[in-house]
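In case you want the letters, here they are:
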Amino acid sequence: MRPTNHADPAYFHKVVDCQWACPAHTPVPEYIRLIAAGRYTDAYMVNWVSNVFPGILGRTCDRPCEPACRRGRVEENNAEGEGAARPEPVAICRLKRVAADRKEPVRDRMPGLARRNGKRVACIGAGPASLTVARDLAPLGYAVTVFDGEAKAGGFMRSQIPRFRLPESVIDEETGYVLALGVEFRAGERIASMQQLLAQGYDAIFVGCGAPRGRDLDIPGRAEAAAQIHIGIDWLASVSFGHVTSVGKRVIVLGGGNTAMDCCRSARRLGASDVKVVVRSGFDEMKASPWEKEDAQHEGIPIVNFHVPKAFVHEGGRLTGMRFEIVEARYDEAGRRSLVPTGAPDALFECDEVLVAVGQENAFPWIERECGIEFDRWGLPVLDKATFQSSLRQVFFGGDAAFGPKNIITAVAHGHEAAVSIDRLLNGEDVSGRPAPHVNLMSQKMGIHEWSYDNAVSNDARYKVPWASAERALASIKVEVELGFDVATAYKEAERCLNCDVQTVFTAPLCIECDACADICPMDCITFTANGDEADLRSRLTAPARNVAQDLYVSAPLKTARVMVKDEDVCLHCGLCAERCPTGAWDMQKFLFQSTYAGPKCRDTRAARSRRAAA
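Treat the numbers as computed from the prediction; the structure is a model and nothing was measured.

## Comments concerning the pairing of strand S14 (residues 353-356)
Okay, so step 1: Judged by which residues are buried, S14 turns out to be covered on both faces: Glu353 and Leu355 on one side and Val354 and Val356 on the other are all buried.
Okay, so step 2: Note: strand S6 (residues 229-231) against S14, 3 bridges, orientation parallel. Directly across from Ile231, in S14, lies its bridge partner Val356.
Okay, so step 3: Sheet analysis places strand S7 (residues 250-254) next to S14, joined by 4 bridges and oriented parallel. Its bridge partner being in S14, Val251 is matched across the sheet by Glu353.

Dropping the structure here:
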């Protein structure tokens, strides 16, 4: 193998698994260290730069960072026997909430505002994608106007996430930070025509209106029992805005996603005593996050799987139950799954109301097809996946409106990228040019055996977040269930982080091949051996490197013609190799990865000036 080029920004970024997995590339270990140090306000601002809504995401994020967390893999490798504890990642999401809840006032840390540059940008919808675009562009001097049909900003964060998960005060606070940056919020103004908006002369338009239409279920009895059958996302919005305050005693929720979990838990709080979630697939195939399913079950809500809806049962136009066909999963030789009837009699579940949460889809009836924006056969806009630009050059999409329903952190990431595109477009530059991230490596050495970060590896299992008592939590739709970590527990959970951004950096000319680092490594992830191709090297390491998704660290040839090969996948970043090395061939260096957002750093201003001069 060729020597590893760790000057490539992607190499060490990929080693920081949590940050690599985060769509917004939040520097997770950096803010966790700040939390451990009690610097909550600094930790909050590190988050705010990347993900815009730390308090909201600290309660509701889909947590793509946590399945990627190295801690879970390391514990899995060290687990022994059937009774071993389940390996669990660091509670990254819940630590984010600690920073948000315990910070000092931050308004004086918000960006200053540049003079207006004469450019006007319209954002349609006041959800996370649009607010991110506004947050990035308004401080640069753009006149940003955000349109939304509701009275308050937040989009689906406000309308579809129940208050027992996300208090309204948190939404008000964090959307308020964005609107205070000189953004004009046109509340109660729902855009009815793209052509009319285009005629108003905006220099750029960002569409972040979400996926506002829930899928229905067209089976026998749907029309007759319509009064007791509700589309899940619409019902959640009605609950959020106080239009629905009660529900029948027996409720069936159809669907296996996070919306279904919010529906069933909300129904329990509105008075339903018998709530069931019924899904077509198996439990493990449900789209809901594992913790969402666990939370529903913790509240006594059963999840019935492999049941396919066949009919709504009604008497005299009133819903009395649902009939389901019982199926099982079978796989063909190619591994494709199909649901096959078992032949068992249909199941009949009695109910008073049904909440249909079987998916969401985009709806753009207000975008005239003759205005120049192309749509695909699924009704989604045809976009450049890197720039989010539509076929109409000044119109961009993001969030659920771009590629279908995802989550808040993905919508934020879309907003950042779209803001870069808009900024480049309105400065006369090629929209497809994407700015490189800012990266650097900084030694953490303070002495021979001392580092500027805490490199002691904690053996603690993941700490649980305390909940409000069931009696109190289930009595009101507005009582927040999770109480958050206290200071002491937050510190202990933060100490579980392995500091994956503090990299082991190897300098081959300094190595005398004493093998001391390989001897002391607690994970056996360092090997000195003859070079070979990747598959061969992975098999010859002291501990075979089986995770091919994580790169090997391969040195230049050493004096004996051997190479140092390190498995990045299970390294604890404990620094023992650097402490043991007698020549300083190993060093612990903090890797800083910062995305480049809209603004002067994202532009090639000289090229733009040349193009304008040529024109």
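## Focus on the sheet that holds strand S2 (residues 143-148)
Okay, so step 1: Pairing is parallel in the open sheet, where 5 strands are placed in the order S3-S2-S1-S4-S16. Each end of this open sheet is capped by a strand with a single partner; those strands are strand S3 (184-187) and strand S16 (395-397). Taking each pair of neighbouring strands and ignoring which way they run, the sheet shows an average axis angle of 20°.
Okay, so step 2: Examined bridge by bridge, strand S4 (residues 204-207) and S16 share 3 bridges and lie parallel to one another. Across the sheet, the residue bridging to Val207 is Phe397, located in S16.
Okay, so step 3: Along the sheet, helix H9 (residues 128-137) makes contact with strand S1 (120-124), S2 and S4, crossing S1 at roughly 160°.

## Section: the side chain of Glu292
Okay, so step 1: Within the element layout of this structure, Glu292 appears in helix H15 (residues 290-298).
Okay, so step 2: A distance of 3.0 Å separates a polar atom in the side chain of Glu292 from a polar atom in the side chain of Arg165.
Okay, so step 3: Those residues within four positions of Glu292 in sequence are excluded, and the remaining contacts are Arg165, Asn258, Met261 and Arg265.

## Observations concerning the packing of H9 against helix H17 (residues 408-425)
Okay, so step 1: One can describe the packing of H9 onto H17 by two numbers: an axis separation of 7 Å at closest approach and a directional angle of 40°. In this view, H9 runs oblique relative to H17, as classed from their interaxial angle. The chirality of how H9 crosses H17 is right-handed. Only Ile408, Ala411, Val412, Gly415, His416, Ala418, Ala419, Ile422 and Asp423 of H17 make contact with H9, whose side of the interface consists of Pro128, Ala129, Thr132, Val133, Arg135, Asp136 and Leu137.
Okay, so step 2: Residues of the contact of H9 with H17, tallied by class, amount to 10 nonpolar, 3 polar and 3 charged.

## Focus: the environment of Cys22
Okay, so step 1: Looking at the secondary structure, you find Cys22 in the loop between helix H2 (17-21) and helix H3 (28-36).
Okay, so step 2: With 391 residues separating them in the primary sequence, Cys22 and Ala413 have C-alpha atoms 8.9 Å apart.

## Some details on the packing of aromatic side chains
Okay, so step 1: Under the defined criterion, the tally for this structure stands at 12 aromatic pairs.
Okay, so step 2: Note on Phe12 and Tyr553: the rings are 6.3 Å apart at their centroids and 80° apart in plane angle, and the pair reads as edge-to-face. Remark: Tyr553 occurs in strand S22 (residues 552-554) and Phe12 occurs in helix H1 (residues 9-15); sequence separation between them is 541 residues.
Okay, so step 3: On the accessibility criterion, Phe12 (0% relative accessible area) is buried.

## Re helix H8 (residues 92-102)
Okay, so step 1: Taking burial as the measure, the 11 residues of H8 include 9 buried ones, the bulk of the element.
Okay, so step 2: Those residues of H8 that fall on the buried side of the exposure criterion are Ile92, Cys93, Arg94, Leu95, Lys96, Arg97, Val98, Ala99 and Ala100.
Okay, so step 3: Buried residues along H8 sit against H2, H3, helix H4 (40-51), helix H5 (54-60), helix H6 (65-68) and helix H19 (487-494).

## Details of unusual backbone geometry
Okay, so step 1: Phi at Asp524 takes a positive value of approximately 50°, unusual for a residue other than glycine.
Okay, so step 2: According to the relative accessible area criterion, Asp524 is partly exposed, its value standing at 35%.
Okay, so step 3: We note that His573 has phi near 55°; this positive angle belongs to a residue other than glycine.

## Regarding the nonpolar core
Okay, so step 1: Core analysis: the largest hydrophobic core is formed by 129 residues, its most contacted members being Val144, Met194, Val207, Phe397, Phe506 and Ile526.
Okay, so step 2: Discounting chain neighbours no more than four positions away, the residues touching Phe506 are Cys511, Phe528, Tyr553, Ser555, Leu558, Met564, Ala585 and Trp586.
Okay, so step 3: The next biggest cluster of nonpolar side chains, apart from the first, holds 28 residues, and it includes Val239, Met261, Cys263 and Ala288.

## Describing H17
Okay, so step 1: Across its 18 residues, H17 extends 26 Å between first and last C-alpha, which sits within 8% of the 26 Å expected from 1.5 Å per residue.
Okay, so step 2: Most of H17 is tucked away, with 17 of its 18 residues classed as buried.

Calculation rules
- Residues numbered from 1 in each chain as written.
- Predicted model: local features only at pLDDT ≥ 70, side-chain atom pairs only at ≥ 80, totals over all residues.
- Heavy atoms only, no water.
- Buried < 20%, exposed > 50% of the residue type's maximum accessible area, 1.4 Å probe, protein only.
- Helix = DSSP H or I, 4+ residues; strand = E, 2+ residues; numbered from the N terminus.
- Pairing = 2+ DSSP bridges.
- Axes fitted to C-alpha atoms, helices over the stretch in contact; angles between N-to-C directions.
- Contact = heavy atoms within 4.5 Å.
- Polar contact = N/O pair within 3.5 Å; in protein donor to acceptor, adjacent residues only side chain to side chain.
- Parallel < 35°, antiparallel > 145°, perpendicular 65-115°, else oblique.
- Left-handed = near helix turned anticlockwise from the far one by under 90°.
- Nonpolar A, V, L, I, M, F, W, Y, C, P; charged D, E, K, R; others polar.
- Phe/Tyr/Trp six-rings, centres within 6.5 Å; stacked < 30°, edge-to-face > 60°.
- Core = buried A, V, L, I, M, F, W, Y, C linked by side-chain atoms within 4.5 Å.
- Expected span 1.5 Å × (residues − 1).

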